[in-house]
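Examination of the molecular architecture
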Amino acid sequence: MKIKLWAFIGLLVVGMMSFTWSGLFGHKIDYNTEVKPILNKNCIGCHGGVKKAGDVSFLFEHEMLEPGKSGKIPVVRGDAHASEMIRRILTDDADEKMPKNGTPLSKDDVEILTKWIDQGASWETHWSYKRIEKPEVPSLRTVWNLFGLLDADVRKWPKNEIDHFTLQKLREKDLSPSPEADKVTLLRRVSLDLTGLPPTEKEVADFVSDNSAGAYEKVIDRLLQSPSFGERWTSMWLDLARYADTKGYEKDSGRRIWRYRDYVVRSFNADKPFDVFTIEQLAGDLLPKKNGMPAEENLIATGFHRNTMNNDEGGTSDEEFRVAAQIDRVNTTWEVWQGTTFACIQCHSHPYDPISHDEYYKYMAYFNNTRDEDVPSDSPTLRFYKGDDSVKVQRLIDWVAKRDPAQTEDFTQFMRVMEPKINSHDFQIIGGATLLDGKYLGLKHKTSGRLPNANLTGMTHMVVSLGANIDKSVLTIRKDTSDKGFIARIDVPNTKGKDTVMVVPISHGGGKQDLFFSLDSPKTPDNWVGVKWLSFQKGIPGKTEPEYPDIVTEYSRLLTKGIEDIPVLWEGKGDFSRKTHVFVRGNWMVKGAQVKPDVPKLLYPMPKEYSNDRLGLAKWIVNRENALTGRVIVNRFWEQLFGRGIVETVEDFGSQGAEPSHRELLDWLAVEFMETDHWSVKKLLKRIVMSATYRQSSKTDGKKIEKDPYNVWISRGPRVRLSAEQVRDQALACSGLLSRKMYGPGVMPPQPDKIWQSPYSGEKWVLSEGEDRYRRGVYTYWKRTSPYPSMVTFDAPSREFCQSRRILTNTPLQALVTLNDPVYLEAAEQLATNMQKRGRTPQQQITEGYRMLTFRNIEKKNLNTLVNVYNQALQAYKSKPAEADSMLLYRNEKSPELAALTVSANVMLNLDNVITKE
């Protein structure tokens with residue numbers, strides 16, 4: 001009787017809830033969900049950021065309220081009848097009807113726009129650009145289950161707050177969660193997700209036998225502490241950072257930037273707070289200095305934005321490709337941290353979101369003062385002095401510090417990054433001079449070049465890098481073209497074409513002056529002297545002391561010496577800072593109004609206490625008030641675990657991006673990440689993988705396939721093919737070949753022959769030896785114009801530009817890779833060798849091999865199929881023993897039985913449930 005009474009009360013409450021004030025007064029039109037999609041689809045193409053036909057735009061609120069070219073107002077708030085928009089939509093005049101030459105709006109769309117205007121045409125900011133407010137966790141005690149009296153089993157399902165949000169959405173969609181995956185499946189899934197590697201057989205056995213309440217959490221904590229954790233998440237981050245071991249473009253020559261990759265691995269393993277991780281990569285060179293320099297780690301971190309491509313082809317414009325790098329940095333920063341398609345604003349205002357054309361260049365102004373200039377040396381680079389060289393550097397710094405402490409920082413910085421300096425493309429070519437290889441100032445007998453507007457104030461020396469194959473030549477630097485007077489004269493040494501750095505005293509009247517460089521070389525008049533760069537400096541103090549000449553000579557030698565280095569960002573100041581202009585229609589050669597650094601008005605304004613430079617920008621990006629960063633980053637990690645983001649378009653949170661499937665969950669996770677976890681990635685990931693939502697079985701049924709075919713509402717666990725790196729790493733791990741060696745330069749594991757062609761440099765793929773052949777995919781040498789082929793086949797990008805997500809494909813080429821690539825053939829051979837040791841018969845050996853790969857017993861029908869494969873191969877190899885020898889390339893002991901078992905192992909490595917995470 002009591003149950004019936006409660007049921008009646010519940011139905012009564014539900015009935016009362018359905019009778020709302022909106023039912024009395026009519027539906028209130030929502031701009032973001034109802035109006036904006038209509039405008040974006042039908043109107044913005046002609047009346048927005050790209051075009052403003054008739055001087056009418058619906059991109060910004062104020063624009064839709066202003067008279068157009070006709071003098072009529074598009075939207076008159078409160079009066080749809082007086083609004084030109086509605087009149088044009090409804091008119092029968094073909095010349096005036098909108099959309100112009102398009103499909104007329106549906107009756108429902110017209111009704112929505114009309115009601116919206118009559119209701120006051122309220123304008124709203126798109127949901128993702130609003131400040132993140134932490135939503136309440138949904139209660140499981142609702143009127144729908146009679147405040148907890150019904151669905152008792154479902155109420156026991158949640159493990160943490162994530163599950164409350166998931167369960168609420170499942171109920172809305174008339175779905176229910178799936179049961180928890182079995183322990184073997186769950187362990188393999190979480191191991192691959194957190195470390196990129198499968199569990200070991202012992203780890204599986206330990207977890208299966210551990211029946212304690214905290215068994216799963218102990219596994220999570222162990223995986224989070226594994227060194228493999230950082231390697232797995234670095235693979236994701238390198239796509240965003242467009243990391244490669246080469247520069248890209250036509251020549252695509254090598255670049256030594258692997259220390260940046262190692263920085264990322266270490267940062268993830270140390271659980272460096274993500275806000276710190278962000279600031280270091282965007283502005284590590286501007287962080288506080290110690291002993292005259294930012295921390296070495298902070299400078300290496302700025303390699304994130306030195307992964308931009310360099311065009312070393314002769315004859316290209318360094319300024320053009322310097323600008324291209326700046327544009328790439330702006331676009332990448334927005335895609336990685338702000339999840340917004342910003343690139344289009346380079347040429348015009350955003351077509352769909354209220355961000356104006358000039359705001360693009362205000363944002364670019366934050367990056368425009370970096371000292372890199374598309375030069376072949378990749379300058380500026382952080383130099384690493386070792387052994388005796390580091391002792392000599394310290395001796396020189398101590399010398400300066402003792403005699404003139406004010407100069408210590410300048411000399412320290414120049415020794416480490418060799419900035420600021422003037423590159424040879426700043427010279428004006430006059431008097432027969434040239435640009436050697438289109439890059440360097442070239443002078444020969446009786447030719448000259450001009451360096452305009454050189455600031456010599458306070459400078460007593462010139463440090464110059466040059467190379468020559470020339471005898472008894474003199475380079476003279478004058479303040480004018482006459483033969484009278486000079487500020488410096490250099491006896492050019494014959495360097496046999498190699499570069500050398502010289503320190504030369506100069507005399508001058510101070511101020512900014514045009515300088516003329518001319519060469520006298522009567523003995524070898526047709527040979528060139530190449531000038532690469534120069535720097536005007538205050539001289540090393542202590543010139544009256546006996547050791548002074550040796551100190552200057554050592555300074556020159558240290559700067560000349562080729563040593564290990566890494567490209568970094570370095571901010572130009574004073575004469576080396578630049579003005580930023582709007583590029584008219586995005587053309588870097590057509591400069592419009594000058595702009596100052598600023599962030600788009602759509603978002604939280606730059607706090608006044610922040611410095612108005614890259615450091616201030618980086619802090620702004622991770623400020624709690626920023627609407628996007630927390631959402632975007634949380635969504636990115638979610639996508640890596642589930643194969644689909646809460647916002648599917650992880651790169652686009654704008655009004656044209658996908659709507660979030662669980663908006664409240666996304667916001668709740670973002671606030672937890674920032675406020676509770678203090679930007680800890682490991683805490684975020686632990687919260688997600690501990691949830692019942694994540695632990696669900698990926699098995700499904702007809703109802704779920706019908707109602708949730710793509711698992712948008714997370715009615716089951718994820719089932720996703722492994723990433724390119726994981727497919728390879730798993731094959732090596734399960735066969736016992738995988739090396740756990742970490743860090744260092746990129747390695748060159750086996751790949752098919754004749755993949756590389758490097759006509760300029762003659763660089764070749766030199767097969768790594770020893771354990772370097774078997775290192776994880778994250779350490780594979782990455783050439784942009786010829787990426788590691790097996791990984792490209794499994795959807796790895798070339799990394800010429802930032803890529804937020806890999807769109808997974810399923811092609812026959814992937815099977816051809818796992819069946820024929822030398823890495824997989826060697827893994828199969830080693831796996832077969834291990835299988836032989838575990839069983840006496842082919843059935844036993846194949847059973848063990850399947851267990852080594854999947855940690856499960858093989859079904860009888862699958863076993864029969866694989867045994868049949870084995871028998872066919874065995875018969876073929878017995879009849880032609882030479883083919884068995886060609887199959888077994890990595891073992892001295894060869895037999896038809898091992899060759900046949902290798903074929904079976906190779907097939908197993910290619911099975912769907914092996915290369916898929918379930």
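These lines cover the structure that appears in this document, whether it is placed above or below.

On to the packing of aromatic side chains, then. Applying the stated criterion across every chain, the model contains 36 aromatic pairs. Relative to Phe653, the ring of Trp127 has its centre 6.0 Å away and its plane inclined at 45°; by these criteria the two rings are tilted. Here Trp127 is found in the loop between helix H6 (107-118) and helix H7 (152-155), whereas its partner Phe653 is found in the loop between helix H22 (629-642) and helix H23 (663-676), with 526 residues between them in sequence. Assigned by exposure class, Trp127 and Phe653 land together as buried.

Relative to the helices and strands, Arg87 resides in helix H5 (residues 84-90). A relative accessible area of 31% means that Arg87 is categorised as partly exposed. Apart from the residues lying within four places of it in its own chain, the contact partners of Arg87 are Lys72 and Glu96.

Bringing the packing of H23 against helix H24 (residues 681-690) into the picture now. One way to put it is that H23 packs onto H24 with a least axis distance of 10 Å and a crossing angle of 140°. Judged by the angle between their axes, H23 and H24 are oblique. Crossing of H23 against H24: the hand is right-handed. Between H23 and H24, the residues in contact are Trp668, Leu669, Glu672, Phe673 and Thr676 and Val681, Leu684 and Arg687, respectively. Broken down by class, the residue content of the contact of H23 with H24 amounts to five nonpolar, one polar and two charged.

Further remarks concern the packing of helix H14 (residues 274-283) against helix H21 (residues 614-621). Relative orientation of the contacting elements H14 and H21 amounts to 155°, with a least axis distance of 9 Å. Here H21 runs roughly antiparallel to H14, going by the angle between their axes. Read as a crossing pair, H14 and H21 show a hand that is right-handed. In contact with Thr278, Ile279, Leu282 and Ala283 of H14, H21 contributes Arg614, Leu615, Ala618, Lys619 and Ile621. Looking at the contact of H14 with H21 residue by residue, the classes come out as six nonpolar, one polar and two charged.

Evaluation of the coordinates by the stated rule reveals zero disulfides. Cys802 forms no disulfide, and the closest cysteine sulfur to it belongs to Cys344, at a distance of 15 Å.

Turning our eyes to something else, we now look at the sheet that holds strand S11 (residues 488-492). The strand order across the open sheet formed by five strands is S5-S8-S13-S10-S11, and the pairing between neighbours is antiparallel. Both outer strands of the open sheet, strand S5 (428-430) and S11, are each paired with one neighbouring strand and no more. Here the strands of the sheet are splayed against their neighbours by 25° on average, with no regard to which way each runs. With five bridges connecting them, strand S10 (residues 473-478) and S11 associate as antiparallel partners. Opposite Thr476, over in S11, you have Arg489 as the bridge partner.

Note: α-helices contain 3.6 residues per turn, so residues at a spacing of three or four share the same orientation. Taking 1.5 Å per residue as the helical rise, H22 with its 14 residues ought to reach 20 Å, and the 20 Å between its terminal C-alpha atoms agrees with that figure. The element H22 is largely enclosed, with a buried count of 13 among its 14 residues. Among the residues trailing H22, Gly643 stands out with phi positive, at a value near 80°.

The subject of this paragraph is the nonpolar core. Membership of the largest hydrophobic core comes to 115 residues, with the highest contact counts inside it found for Val190, Trp237 and Tyr260. Among the elements that take part in this core, H23 stands out by supplying eight residues, more than any other. Setting aside residues up to four positions removed in sequence, Tyr260 forms contacts with Trp237, Leu238, Ala241, Tyr243, Gln281, Ile300, Ala301, Gly303, Phe304, Asn307 and Ile566. In terms of nonpolar packing, the next biggest core, distinct from the first, is built from 54 residues, Leu197, Ala244, Leu888 and Leu901 among them.

Turning to the side chain of Asp163, a few remarks are in order. Here Asp163 lies in helix H8 (residues 161-172). Of the polar contacts made by the side chain of Asp163, one reaches the backbone nitrogen of Lys159; its length is 2.6 Å. Residue contacts for Asp163: discarding those within four places in its chain leaves Trp157, Pro158, Ser691, Ala692 and Thr693.

As a further point, take the pairing of strand S8 (residues 448-455). Relative to S8, S5 runs antiparallel, the two sharing three bridges. Bridge assignment links Gln428 to a residue of S8, and that residue is Arg450.

Before going further, it helps to spend a moment on the pattern of salt bridges. The full count for this structure, using the stated rule, is 73 salt bridges. Close ionic contact of Arg806 with Asp239 constitutes a salt bridge, the shortest N to O distance being 2.6 Å. One end of the pair, Arg806, is in the loop between helix H28 (789-793) and helix H29 (812-820); the other, Asp239, is in helix H12 (residues 227-240), with 567 residues separating them in the sequence. Notably, a salt bridge pairs Glu409 with Lys289, separated by 3.1 Å at the nearest N-O pair. Of the two residues, Glu409 is situated in helix H19 (residues 408-417) and Lys289 in strand S1 (residues 289-290); the sequence distance between them amounts to 120 residues. Judged by its relative accessible area of 35%, Glu409 falls in the partly exposed class. Overlapping salt bridges bring together Arg371, Glu373, Glu419, Lys421 and Arg578 as one network.

What counts, and where the lines are drawn
Residues numbered from 1 in each chain as written. Predicted model: local features only at pLDDT ≥ 70, side-chain atom pairs only at ≥ 80, totals over all residues. Heavy atoms only, no water. Phe/Tyr/Trp six-rings, centres within 6.5 Å; stacked < 30°, edge-to-face > 60°. Helix = DSSP H or I, 4+ residues; strand = E, 2+ residues; numbered from the N terminus. Buried < 20%, exposed > 50% of the residue type's maximum accessible area, 1.4 Å probe, protein only. Contact = heavy atoms within 4.5 Å. Axes fitted to C-alpha atoms, helices over the stretch in contact; angles between N-to-C directions. Parallel < 35°, antiparallel > 145°, perpendicular 65-115°, else oblique. Left-handed = near helix turned anticlockwise from the far one by under 90°. Nonpolar A, V, L, I, M, F, W, Y, C, P; charged D, E, K, R; others polar. Disulfide = S-S within 2.5 Å. Pairing = 2+ DSSP bridges. Expected span 1.5 Å × (residues − 1). Core = buried A, V, L, I, M, F, W, Y, C linked by side-chain atoms within 4.5 Å. Polar contact = N/O pair within 3.5 Å; in protein donor to acceptor, adjacent residues only side chain to side chain. Salt bridge = Lys/Arg side-chain N within 4 Å of Asp/Glu carboxyl O.

Honestly, that's just the spatial picture; any functional story needs more than this.
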